[in-house]
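What the coordinates show
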Amino acid sequence: MRPLLETPLSPPLPPAAAAAVATGAVRCVLTPGNALGEGVLWSVREQAVYWVDILQREMHRWDPATQAHQRWSFAEEISALAERAHAPGFIVTLRRGFALFDPAADAAPRYLHQPEPERTGNRFNDGKCDAEGRFWGGSMDFACEAPTGALYSYTPAGACTRHDDGFAVTNGPTWAPTAQGPALFFNDTVQGATYRYRWDPAAGALSDKTLWKHWPAADGVPDGMTTDAHGRLWIAHWGGGCVTCHDADTAQELARIPLPASQVTNCAFGGADLRTLYITSARTGLTPAQLAAEPLAGALFAVDTDACGVPASLFGG
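Structure report, in brief. Quantities reported herein were computed from a predicted structural model and do not represent experimental measurements.

Secondary structure summary: the protein contains two helices and 24 strands in total. Taking 2.2 N^0.38 as the reference for a compact globule, 317 residues should give roughly 20 Å; the C-alpha atoms of the protein span a radius of gyration of 18 Å, in line with that estimate. A buried classification covers 56% of the 317 residues belonging to the protein. The contacts in the protein between residues at least 6 apart in sequence include a share of 50% that link residues at least 24 apart. For the protein, the accessible surface area stands at approximately 12,000 Å², while carbon and sulfur atoms represent 55% of it. Computed over 23 positive and 33 negative side-chain charges, the inter-centroid distance for the protein is 2 Å.

Right, here's the structure in full:
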């Protein structure tokens, strides 16, 4: 399968250089009151930010140049999205699987594949495309309790593969070069664990699953994540109120961005130079007292960094 974006990641920086990650002040971009903001994506071709509110069944778009904010409503949960390489619109994950949606067309999303009809208590959650044009998405138990979630890939040719299973809540994935070769990273959120898999880009295959990091309770649990151009991982912390940056080989923390919201859900690099980190958050589950203490819960945030992101890969279908 031919790569759709020529965005190779450079090898990880030496530890001394890698530690010099600088970030600016966090700013609130928009307060849409998201119940569960997720799936943040920077569109290079539109120079705009997209994200979803899973529980309110909405997709959002914000244009930094014009400050224009748009939203689209759906009949069921929408959890992640990626732009298409050869057609307008997006591949998205809805509650039951993979679908196509074009915001410019006056039409409902069209399902492509529903991989687990027998798991009626599940819904899809986070996901994104690899550089070969496959979309990767994870399912989860809607109640966040039963280990019924799985990790899938869906190819432009319509092939769906279940790569791993047994998660209550899935988040990620993201990809990075490591000393052992290309790797895919994936979060088992309820267990507070991030796993690393050996990644075969040509075959789209995973092997050699290892525990990369188990997160301490003070950090909350790992949610969405992204990779910068030097192969460093940036991870959102649900219940931890921050985004952290890490060396892909050692898991060493290189930077920490505290946020005025405890439930931080996802992050993606954007802006013309891909140096602005956009961050989503959530309000769901917070008590009235917590909401009063966190008036920006559910907002979209941005922070400038000296790291450079990687353009989001496109779906090949």
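Next up on the list: the sheet that holds strand β2 (residues 37–43). Taken in spatial order, the four strands line up as β2-β3-β4-β5 in an open sheet, and their pairing is antiparallel. A strand with exactly one partner marks an edge of an open sheet, and here the two such strands are β2 and β5 (69–73). On average, each strand axis in the sheet is tilted by 20 degrees relative to the strand beside it, whichever way the strands run. Note that β2 and strand β3 (residues 48–53) share five bridges and pair antiparallel. Bridge pairing in β3 links S43 to A48.

On to the packing of aromatic side chains. Tallied over the entire structure, the rule returns 16 aromatic pairs. Pairing Y50 with W72 gives two aromatic rings, centres 6.4 Å apart and planes at 25 degrees, and the pair type is stacked. Of this pair, Y50 sits in strand β3 while W72 sits in strand β5, placing them 22 residues apart in sequence. On the accessibility criterion, Y50 (3% relative accessible area) is buried. The exposure class assigned to W72 is buried, which follows from its relative accessible area of 17%.

Another aspect to go through is the environment of E38. Among the structural elements, E38 can be located in strand β2. When residues no more than four places from it in sequence are discounted, the contact partners of E38 are W51, V52, I54, S79, D126, N171, D223, T265, N266 and T280. Side chain to side chain, E38 and N266 meet in a polar contact 2.7 Å long.

For the rest of this paragraph, the subject is the pairing of strand β18 (residues 221–227). Of all seven residues that make up β18, six are buried, and the element is covered over most of its length. With five bridges connecting them, β18 and strand β19 (residues 233–238) associate as antiparallel partners. Note that in β19 the partner of P222 across the bridge is H237. In this antiparallel pair of consecutive strands, β18 and β19, the connection spans five residues, and G231 shows a positive phi of 80 degrees.

Thresholds, definitions, all that
Residues numbered from 1 in each chain as written. Predicted model: local features only at pLDDT ≥ 70, side-chain atom pairs only at ≥ 80, totals over all residues. Heavy atoms only, no water. Helix = DSSP H or I, 4+ residues; strand = E, 2+ residues; numbered from the N terminus. Rg over C-alpha atoms; globule rule 2.2 N^0.38 Å. Buried < 20%, exposed > 50% of the residue type's maximum accessible area, 1.4 Å probe, protein only. Contact = heavy atoms within 4.5 Å. Areas by Shrake-Rupley, 256 points an atom, 1.4 Å probe, with all protein chains shown as cover. Lys, Arg positive; Asp, Glu negative; His and termini not counted. Charge placed at Lys NZ, Arg CZ, Asp CG, Glu CD. Pairing = 2+ DSSP bridges. Axes fitted to C-alpha atoms, helices over the stretch in contact; angles between N-to-C directions. Phe/Tyr/Trp six-rings, centres within 6.5 Å; stacked < 30°, edge-to-face > 60°. Polar contact = N/O pair within 3.5 Å; in protein donor to acceptor, adjacent residues only side chain to side chain.

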